[in-house]
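Take a look at the letters that make up each chain.
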2 protein chains.
Amino acid sequence: MHSSNIEFFGYFAAILTTAAFLPQLIKTLKTKKAEDVSLVTLIMFLCGVFFWIIYGYKISSLPILIANIITFTLNFLILFSKIYYARK
Amino acid sequence: MHSSNIEFFGYFAAILTTAAFLPQLIKTLKTKKAEDVSLVTLIMFLCGVFFWIIYGYKISSLPILIANIITFTLNFLILFSKIYYARK
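What counts, and where the lines are drawn
- Residues numbered from 1 in each chain as written.
- Chains lettered and ligands numbered in written order.
- Predicted model: local features only at pLDDT ≥ 70, side-chain atom pairs only at ≥ 80, totals over all residues.
- Heavy atoms only, no water.
- Phe/Tyr/Trp six-rings, centres within 6.5 Å; stacked < 30°, edge-to-face > 60°.
- Helix = DSSP H or I, 4+ residues; strand = E, 2+ residues; numbered from the N terminus.
- Buried < 20%, exposed > 50% of the residue type's maximum accessible area, 1.4 Å probe, protein only.
- 1 Å grid on protein atoms, 1.4 Å probe; cavity = no way out; pocket = protein on both sides within 12 Å on 5 of 7 lines; lining within 4 Å.
- Points joined across faces, edges and corners; volume = space filled by probe spheres on them.
- Nonpolar A, V, L, I, M, F, W, Y, C, P; charged D, E, K, R; others polar.
- Least-squares fit on C-alpha atoms with pLDDT ≥ 70 in both.
- Contact = heavy atoms within 4.5 Å.
- Expected span 1.5 Å × (residues − 1).
- Buried area = accessible area lost by both parts, 1.4 Å probe.
- Salt bridge = Lys/Arg side-chain N within 4 Å of Asp/Glu carboxyl O.
- Polar contact = N/O pair within 3.5 Å; in protein donor to acceptor, adjacent residues only side chain to side chain.

Draft legend 1. Just the packing of aromatic side chains, in detail. Within this structure, the stated rule accounts for 20 aromatic pairs over all chains. Seen in terms of ring centroids, A:F51 and B:F9 are 6.0 Å apart; in terms of plane orientation they differ by 25°. Their pairing is stacked. With A:F51 in helix α3 (residues 39-58) and B:F9 in helix α1 (residues 3-19), this pair bridges two chains. In this pair, the class of A:F51 matches that of B:F9, namely buried. Feature note: the residues A:F8, A:F9, A:F12, B:F50 and B:F51 constitute an aromatic cluster, connected by ring pairs.

Draft legend 2. Main features of the layout of surface pockets. The space that makes up the largest pocket amounts to roughly 990 Å³. Surrounding the largest pocket, 38 residues form its lining, A:W52, A:I64, B:W52, B:I64 and B:N68 being those nearest its centre. Of all the secondary-structure elements, those providing two or more residues to the lining of the largest pocket are α1 (3-19), α3 and α4 (62-87) of chain A together with α1, α3 (39-58) and α4 (62-87) of chain B. Residues belonging to the lining of the largest pocket are distributed by class as follows: 24 nonpolar, 12 polar and two charged.

Draft legend 3. Broad picture of the relation of the copies chain A and chain B. With an RMSD of 0.0 Å, the fit of chain A onto chain B corresponds to turning through 180° and sliding 0.0 Å along the axis. Both chain copies can therefore be described as sitting about a two-fold axis.

Draft legend 4. Just the environment of B:F21, in detail. With respect to the element layout, B:F21 can be found in helix α2 (residues 21-31). Judged by its relative accessible area of 7%, B:F21 falls in the buried class. Those residues in contact with B:F21 that lie beyond four places of it in its chain are A:T41, A:F45, B:F45, B:T71, B:L74, B:N75 and B:I78.

Draft legend 5. Just empty space enclosed by the protein, in detail. Taken as a whole and assessed by the stated rule, the structure comprises one cavity of 30 Å³ or more. Taken as a whole, the largest cavity spans an internal volume of roughly 210 Å³. Around the largest cavity, the lining comprises 16 residues; the ones closest to its centre are A:F21, A:Q24, A:T41, B:F21 and B:T41. Elements that contribute at least two residues to the lining of the largest cavity include exactly α2 (21-31), α3 and α4 of chain A together with α2, α3 and α4 of chain B. Taken together, the residues of the lining of the largest cavity break down into 10 nonpolar, six polar and no charged.

Draft legend 6. View of α3(B). When the terminal C-alpha atoms of α3(B) are compared, their 29 Å separation across 20 residues agrees well with the 28 Å that a helix rising 1.5 Å per residue should span. At its buried positions, α3(B) is contacted by α1 and α2 of chain A together with α2 and α4 of chain B. Downstream of α3(B) by one or two residues, B:S60 has phi in the positive range, about 55°.

Draft legend 7. Layout of the interface of chain A and chain B. In this complex, chain A contributes 35 residues to the contact, which on the side of chain B involves 35 residues. Roughly 3,400 Å² of surface becomes buried between chain A and chain B when both sides are summed, with 72% attributable to carbon and sulfur atoms. Across the chain A-chain B interface, the total number found is four salt bridges. A:E35 is paired through a salt bridge with B:K33; the nearest N and O atoms lie 3.6 Å apart. Taken together, the links from chain A to chain B amount to 19 residue pairs in polar contact (both at pLDDT 80 or more). When contributions to the side of chain A that touches chain B are tallied by element, the ones reaching two or more residues are α1, α2 and α3 of chain A. Across the side of chain A that touches chain B, the residue classes break down as 23 nonpolar, six polar and six charged.

Draft legend 8. Region of interest: unusual backbone geometry. Residues and elements named next belong to chain A. In the Ramachandran plot, S60 falls in the positive-phi region, its phi being about 55° despite a non-glycine side chain. With respect to the secondary-structure elements, S60 resides in the loop between α3 and α4. The exposed category is assigned to S60, whose relative accessible area is 65%.

Rendered as structure tokens:
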């Protein structure tokens, strides 16, 4: 198999696991609650994604950097919305 | 910086973004609901993780394979629990 075909799986995987958090953010903003979404999961995941950003920077991998900056932003907004709606 | 120090960030990131889904599974099993967890997010994420597994296999990366098989299992169990409790 050509290496470009192998890379396709990686890029497709990265797009899906990054874009996946957009429907969660939209749902949270629409229903104005994210009670069932685990706070510990969000915090652990954000910390992990933060380390992926550092790793991507250190190894100079633009795909890792871009995918994880978007994932971090989406999950940060989900966490922020969850806390915001819980306080209202 | 030594390359082993750089790799540390990658492994630490992988452990965190994998283990992060365990608290969500525990919360869902305890509260017996995951109404606020987006179904579209879970399905997109599972598809993405599935492609990470294929990618990890193709490039013979054991860390990518192991991390994504665990992530897939945890998220599959969250999806299964969400559907199961919604039907009850």
